[in-house]
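# Geometric and topological summary
Residue strings, one per chain:
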Amino acid sequence: MADLTLSVLRRDGDAFTEALTREHYLAASGHKPNADLQSIYKRFAHILGPAALELTRDAFRSSTPNSEEWRSARALLDWQVEAYASRELAELDERVIAWEAGAVVRLPDGGEVPYQRAAVDMSTEPNRQKRLALDEARAALVGRELAPMRGERLQRERDLIESLEIASDYISSFEALSGVDLRGLATECERFLRETESMWADVHSAAVKRQLGIAPGEATRADALAMMRAPQFDPYFPASEMEPAVKRQVSDMGSDPTAGGRITYDLAPRPGKRSRAFCAPVRVPREIYLVLLPYGGATDYRTFLHELGHSLHFAFMRDDLPFEFRCLGDNSITEGFAMLFDHLMHDPGWLGRYSALGRPRVPEYRRAAAFEELQFLRRYCAKLLYELRLYGGDISWSSLPDAYVDILSTATTFRYRAADAFIDVDPRFYSARYLRAWQLQASLRDVLVAQFDEDWFRNPRTGPWMERELFGEGQRELASEMAERVGAKTLSFDPVIRAIEAGLTAS
Ligand SMILES: [Zn+2]
């Protein structure tokens, strides 16, 4: 085999990502019965093996910190480390996937629910006793069978990454590879939890009393799933209006919603199409798919806007950026753009103009949406704090379930279950990317309002600016660097808190 160089790695990395994403798109959208991933991995084995890992590790170590070479090497090494762990853990992952596909939750009354449907059933079950019984049975099954496998995966992944000696331990290795200061972010999360504590206690206890008729301390995470659904607004978000309304808004903003034909909207029903929405950046920036099965309802609109943000980001990226800045890098950026668009669902001007909600109902909807967001964000802050404990090594593995229940229940006021301590964990600190993205979208919104007014989303000057200043740059920068470049304040939760307060008090 010819010598592996960084330019070969870039060229074949591009081809590998395209093949893998295309296969994933075709299978998940129902165009193909199964994804044939094994042959792709075999074809590209030369860029996924020890030689590629070694090459990128050397490049990272030998480049000058903060230089352009170092930035490239960091993204490439981060990718290689993930590929290495996935390869080593492939067999365990396949066991977990097979378990999840076949597991059945058995209820005391003899009823059976496929494991994968349990969460949806809990959120739609109006009878609280039935909901809790389902959660009880689910947690018992998970604790017995899934938790040991997931716990093993977490420990093995940690050991694998630490053995690469990128930094002194798992957390520091992640920080070195991602550029995200996890411990600094955790301090911000603690402050966010403190600063929104009394606001949350007020809205949580009022909502629990009103919706469930029980004392606030009794409500569980299963109750939270049911409470957050808010189906009463669904009629005002009809499936048939979603695509035309959102495309009209992007056009009003001075952008082409198809990015010159590079984005394909795959919204048609098809046998075998997965119900979960996704964006498939097959060939960035030339061939992007936004895939969704529209049912209608507020959640669908939000998901569509989220995937649209990803799609516009990929489709308007500069073609001449190297592979690592188009396809790799800090995902807080793409998640930040996705959230910038899904947060239009909190904007009274946007709701009044592009949904069927009607202005009189907007304040009530905004209050419900802000309640859901505050719950979600407090949960994510707690997840990061817990995940740092999990990998920190200063509490024993057997004490982690108690720590999980304590941290998550305290932050959300919903009671969590110990069985989920190794299940409810985002791989490789993805929770940190989401938290940074939350901060980024709020900061970008402030910049957009200052430059293009409150209704920036329909100002024809906004789109061209976004394409050039935001989407075009790909993921060469970290979220914090991008915010600084476009004149936003240092990333923090302050603008997020302000927006949530405005939503909760909307009238
Ligand atoms: Zn996303």
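See above for the structure.
Here is a short report on the structure shown in this document. (Residues numbered from 1 in each chain as written. Predicted model: local features only at pLDDT ≥ 70, side-chain atom pairs only at ≥ 80, totals over all residues. Heavy atoms only, no water.)

## Structural notes on the environment of Phe371
Position of Phe371 among the secondary structure elements: in helix H17 (residues 362-392). Each C-alpha atom of the pair Phe371 and Leu504 lies 6.6 Å from the other, and the pair is 133 residues apart in sequence. Apart from the residues within four sequence positions on either side, Phe371 is in contact with Trp200, Val203, His204, Ala207, Met227, Met228 and Leu504. (Helix = DSSP H or I, 4+ residues; strand = E, 2+ residues; numbered from the N terminus. Contact = heavy atoms within 4.5 Å.)

## Thoughts on the coordination of the zinc ion
Taken together, the protein donors to the zinc ion comprise His306 (NE2), His310 (NE2) and Glu335 (OE), at separations of 2.2 Å. Read from N- to C-terminus, the donor residues coordinating the zinc ion fall into the pattern H-x3-H-x24-E. Taken as a pair, His306 and His310 lie in helix H13 (residues 298-315) at a separation of four residues, close to a single helical turn. Grouping residues by exposure puts His306 and His310 together as buried. (Donors = N, O, S within 2.8 Å, 3.2 Å for Na, K, Ca; no water. Buried < 20%, exposed > 50% of the residue type's maximum accessible area, 1.4 Å probe, protein only.)

## A word on the pairing of strand S4 (residues 278-283)
The element S4 is largely enclosed, with a buried count of five among its six residues. In terms of strand pairing, S4 meets strand S5 (residues 287-291) through five bridges, oriented antiparallel. The partner of Ala280 across the bridge, within S5, is Tyr289. The hairpin turn running from S4 into S5, its antiparallel successor, is three residues long. (Pairing = 2+ DSSP bridges.)

## Here we look at the packing of aromatic side chains
Taken as a whole, this structure holds 31 aromatic pairs when the rule is applied. Seen from their ring centres, Phe237 and Tyr365 are 5.4 Å apart, and the 45° between their planes marks the pair as tilted. Of this pair, Phe237 sits in the loop between helix H11 (221-227) and helix H12 (239-252) while Tyr365 sits in helix H17, and the two are 128 residues apart along the sequence. Relative accessible area serves as the criterion here: at 0%, Phe237 is assigned to the buried category. For Tyr365, a relative accessible area of 5% translates into the label buried. Relative to Phe422, the ring of Trp397 lies with its centre 5.3 Å away and its plane at 20°, an arrangement referred to as stacked. Placement of Trp397 in the loop between H17 and helix H18 (400-412) and of Phe422 in the loop between H18 and helix H19 (430-452) is noted, with a sequence separation of 25 residues between them. The structure contains a cluster of three or more aromatic residues connected by ring pairs, namely Phe376, Tyr380, Tyr430, Tyr434 and Trp438. (Phe/Tyr/Trp six-rings, centres within 6.5 Å; stacked < 30°, edge-to-face > 60°.)

## Here we look at the environment of Val105
Structurally, Val105 is set in strand S1 (residues 104-106). Considered as a pair, Val105 and Val142 are 37 residues apart in the sequence and their alpha carbons are 9.2 Å apart. Leaving out residues up to four positions away in the same chain, Val105 has contacts with Gly111, Glu112, Val113, Tyr115, Leu134, Ala137, Arg138 and Leu141.

## Topic: the side chain of Glu477
Assignment of secondary structure puts Glu477 in the loop between helix H20 (462-470) and helix H21 (479-485). Side-chain polar atoms of Glu477 contact the side chain of Arg485, separated by 2.7 Å. If we skip the residues at most four places from it in the chain, Glu477 touches Arg71, Asp330, Ile333, Met482 and Arg485. (Polar contact = N/O pair within 3.5 Å; in protein donor to acceptor, adjacent residues only side chain to side chain.)

## As for helix H7 (residues 128-163)
Of all the bends in H7, the greatest reaches close to 50° and is centred on Leu146; the proline Pro148 follows between one and four positions later. The opening residue of H7, the one whose side-chain oxygen lies 2.9 Å from the backbone nitrogen of Gln129, is Asn127. Of the residues flanking the end of H7, it is Glu165, one or two places downstream, whose phi is positive at about 55°. (Bend = angle between axes of the 7 residues up to and from the residue.)

## Looking at H13
Along an α-helix, residues three or four apart share an orientation, since each turn contains 3.6 residues. Taking 1.5 Å per residue as the helical rise, H13 with its 18 residues ought to reach 26 Å, and the 26 Å between its terminal C-alpha atoms agrees with that figure. Counted residue by residue, H13 has 15 buried out of 18 residues, so it is predominantly covered. (Expected span 1.5 Å × (residues − 1).)

## Considerations on the nonpolar core
Counting 70 residues, the largest nonpolar core has Leu182, Leu384, Tyr386, Phe414, Phe429 and Leu435 as its most contacted members. Here this core takes 13 residues from H17, the largest share from any one element. Apart from the residues lying within four places of it in its own chain, the contact partners of Phe414 are Trp200, His204, Val208, Ala219, Thr220, Arg221, Ala224, Met227, Met228, Gln375, Leu408 and Ser409. Counting 57 residues, the second largest nonpolar core, distinct from the first, contains Ile288, Leu308, Phe314 and Leu444. (Core = buried A, V, L, I, M, F, W, Y, C linked by side-chain atoms within 4.5 Å.)

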